[in-house]
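# Structure at a glance
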Amino acid sequence: MATISKIEEELKRGAGISIIGLVDSLIEYAYKAGASDIHVDPEEKKVRVRLRIDGILNDSFILPKEIQSEVITRVKVLSGLRTDEHQAAQDGRFRLKFKDDGFVDIRVSLAPTFYGEDCVMRLLSEKAEKFTLDSLGFAPKDIEKIERNMKKPYGMILATGPTGSGKTTTLYTILKTLNTKDVSIITIEDPIEYAIEGLEQIQVNARTGLTFANGLRSILRQDPNIVMVGEIRDEETAAIAVNAALTGHLLLSTIHTNDAPTTLPRLIDMKVEPFLIASTVNVAIGQRLVRRICTECKFEKKVTINDLEGLMGTFPVETLYKSKKFYQGKGCENCSGTGYRGRVGIHEVMEIDDEMRAAIVRKADATEIKHIAEKNGMTSMIEDGFKKAIEGVTTIEEVLRVIHE
């Protein structure tokens, strides 16, 4: 790639190195490689640059220790951060335009470490604005469930999963569909990942006392139809969010749990009354991101009976033996030898029905709620992943990696 040679040229210049050119080339290379994050990690005698591509961190470049402070200072200047502050964490953002008229928004996080300031840059490309529920990997029957609940004038749509599982992208995709001229949509986020025209987006600011809870209170006085809260992470935010959903607002948010059924007991842990949860939660979406098999080097992989027996207990037996073939990537130039390129979601969409509401009111645990959901038609995340492996979208190994990581 041409950008690699630019970086190598800059590094060979020694004392005459252009820090501006080097930082720009690093970001451009990461963007073209499809990286979501750039990690600039200082060590005792060098600076290691790593890129997170398709969810996996890869070593990419080694920078000389002598230019560490200049590289960090350049990032601070671009982000509008204090260049004389080296002992406190700082967060900022900037936009970089390329010669071909493309651009990337970059969110910056700096933190002091033993060997100097560590820098992580999150790349937020405009491609994310073009997503649809279908392109995110949702099955047709799950899209129907989500669209049915998006049309309700009040209640909650919750996305759940670990950090980096695509929850925010799912909510933005739903908001983009809901974003019409006859509704008012207000969000409170930490941070604002994508700026979307037509939405009023508020950034959390702890220094001014603008927390999720305080911001949500203010939003409800602004006459919104639809509200998005970046994350429900404490009892106060949970209580206000539930009351907002109860009083005629459609509320979207994320919550940290392992799967969709655990979302409801988690709200009970946050001191929300079970009857309020039963009255307000419309749908819970559990998700993970798996790597797609590279289309350039994909090949069919025959499976033996031993392979299938090894998967028993993890995947449903009735579907296991219907599958005689899976797929894999050999590794090529297109995927940098990994066999994967790009990512797609595996999901479970749990629509709250009357049987589940009764279970919530009597404080049923996540296992019972999951049993009711699957009996009434929910496809679990692992089943969704298995279907995508059979279809040749991803591999069995990749599904197992993200489910059990």
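Attention here is on the structure that accompanies the text. (Residues numbered from 1 in each chain as written. Predicted model: local features only at pLDDT ≥ 70, side-chain atom pairs only at ≥ 80, totals over all residues. Heavy atoms only, no water.)

## A word on the overall build of the protein chain
- Tallying secondary structure elements over the protein chain gives 15 helices and 15 strands in all.
- For a compact globule of 405 residues, the expected C-alpha radius of gyration is about 22 Å, and the protein chain comes in at 23 Å, within 12% of that figure.
- Principal-axis analysis of the C-alpha atoms places the extent of the protein chain at approximately 70 × 60 × 40 Å.
- Counting the 405 residues in the protein chain, one finds 49% classified as buried. (Helix = DSSP H or I, 4+ residues; strand = E, 2+ residues; numbered from the N terminus. Rg over C-alpha atoms; globule rule 2.2 N^0.38 Å. Buried < 20%, exposed > 50% of the residue type's maximum accessible area, 1.4 Å probe, protein only.)

## Looking at the pattern of salt bridges
- Under the counting rule described, the total for this entry stands at 23 salt bridges.
- Measuring nitrogen to oxygen at the nearest pair gives 3.1 Å for the salt bridge that ties arginine 48 to aspartate 59. With arginine 48 in strand 2 (residues 46-53) and aspartate 59 in strand 3 (residues 56-64), this residue pair connects regions lying 11 residues apart in the sequence.
- The class of arginine 48 is partly exposed, set by a relative accessible area of 23%.
- Look at aspartate 59 and you get exposed, because its relative accessible area is 55%. (Salt bridge = Lys/Arg side-chain N within 4 Å of Asp/Glu carboxyl O.)

## Re the pairing of strand 10 (residues 226-229)
- In strand 10, alternate side chains face the same way, and those of Ile226 and Met228 on one face and Val227 and Val229 on the other are all buried.
- Bridge count for strand 8 (residues 185-189) against strand 10 is four bridges, and the pairing is parallel. Residue pairing across strands places isoleucine 186 opposite valine 227, the latter belonging to strand 10.
- The pairing of strand 10 with strand 11 (residues 250-255) spans four bridges and is parallel. By the bridge assignment for strand 11, isoleucine 226 is matched with leucine 250.
- In this view, the connection linking strand 10 to its parallel neighbour strand 11 by way of helix 7 (residues 235-246) has right-handed handedness. (Pairing = 2+ DSSP bridges. Right-handed = clockwise from strand over helix to strand, strands pointing away.)

## Notes on the packing of helix 14 (residues 381-390) against helix 15 (residues 396-404)
- Two elements in contact, helix 14 and helix 15, have axes whose closest approach is 9 Å; the angle formed by their N-to-C orientations is 160°. Our classification of the angle between helix 14 and helix 15 gives roughly antiparallel. Between helix 14 and helix 15 the crossing geometry is right-handed. Contacts between helix 14 and helix 15 involve Met381, Ile382, Gly385, Phe386 and Ala389 from the former and Ile396, Val399, Ile403 and His404 from the latter.
- Classifying every residue of the contact of helix 14 with helix 15 by side-chain character gives seven nonpolar, two polar and no charged. (Axes fitted to C-alpha atoms, helices over the stretch in contact; angles between N-to-C directions. Parallel < 35°, antiparallel > 145°, perpendicular 65-115°, else oblique. Left-handed = near helix turned anticlockwise from the far one by under 90°. Contact = heavy atoms within 4.5 Å. Nonpolar A, V, L, I, M, F, W, Y, C, P; charged D, E, K, R; others polar.)

## Quick look at unusual backbone geometry
- The peptide bond linking aspartate 190 to proline 191 adopts the cis configuration, its omega dihedral lying at 0°.
- The phi dihedral of lysine 271 is positive, around 70°, even though this residue is not glycine.
- Along the chain, the position of lysine 271 falls in the loop between helix 8 (263-269) and helix 9 (274-280).

## A closer look at the packing of aromatic side chains
- Considering all chains together, one arrives at five aromatic pairs under this definition.
- Relative to phenylalanine 98, the ring of tyrosine 31 has its centre 5.0 Å away and its plane inclined at 35°; by these criteria the two rings are tilted. With a gap of 67 residues between them, tyrosine 31 in helix 2 (residues 19-32) and phenylalanine 98 in the loop between strand 4 (90-97) and strand 5 (103-113) connect regions that are remote in the sequence. You'll find tyrosine 31 and phenylalanine 98 in the same group, each marked buried.
- It is arginine 291 that lies over the ring of tyrosine 340; its NZ or CZ is 4.1 Å from the centre.
- Over the face of the ring belonging to tyrosine 327 we find lysine 298, whose NZ or CZ atom lies 5.3 Å from the ring centre. (Phe/Tyr/Trp six-rings, centres within 6.5 Å; stacked < 30°, edge-to-face > 60°. Lys NZ or Arg CZ within 6 Å of the ring centre and 35° of its normal.)

## Considerations on the sheet that holds strand 12 (residues 281-293)
- Here we have seven strands laid out as an open sheet, ordered 9-8-10-11-7-12-15, and mixed in their pairing. In this open sheet, the two strands that pair with only one neighbour each are strand 9 (200-203) and strand 15 (340-351). Averaged over all pairs of adjacent strands, the angle between strand axes in this sheet comes to 20°, irrespective of strand direction.
- Seen against the sheet, helix 5 (residues 167-178) touches strand 7 (155-160), strand 8, strand 9, strand 10, strand 11 and strand 12 and runs at an angle of roughly 165° to strand 11.

## A few points about helix 5
- Between its first and last C-alpha, helix 5 extends 17 Å over 12 residues, near the 16 Å set by a 1.5 Å rise per residue.
- Of all 12 residues making up helix 5, nine are buried, and the element is well covered by its neighbours.
- Burial in helix 5 covers these residues: Lys167, Thr169, Thr170, Leu171, Tyr172, Thr173, Ile174, Leu175 and Leu178. (Expected span 1.5 Å × (residues − 1).)

Spatial relationships are all this shows, so hold off on functional conclusions.
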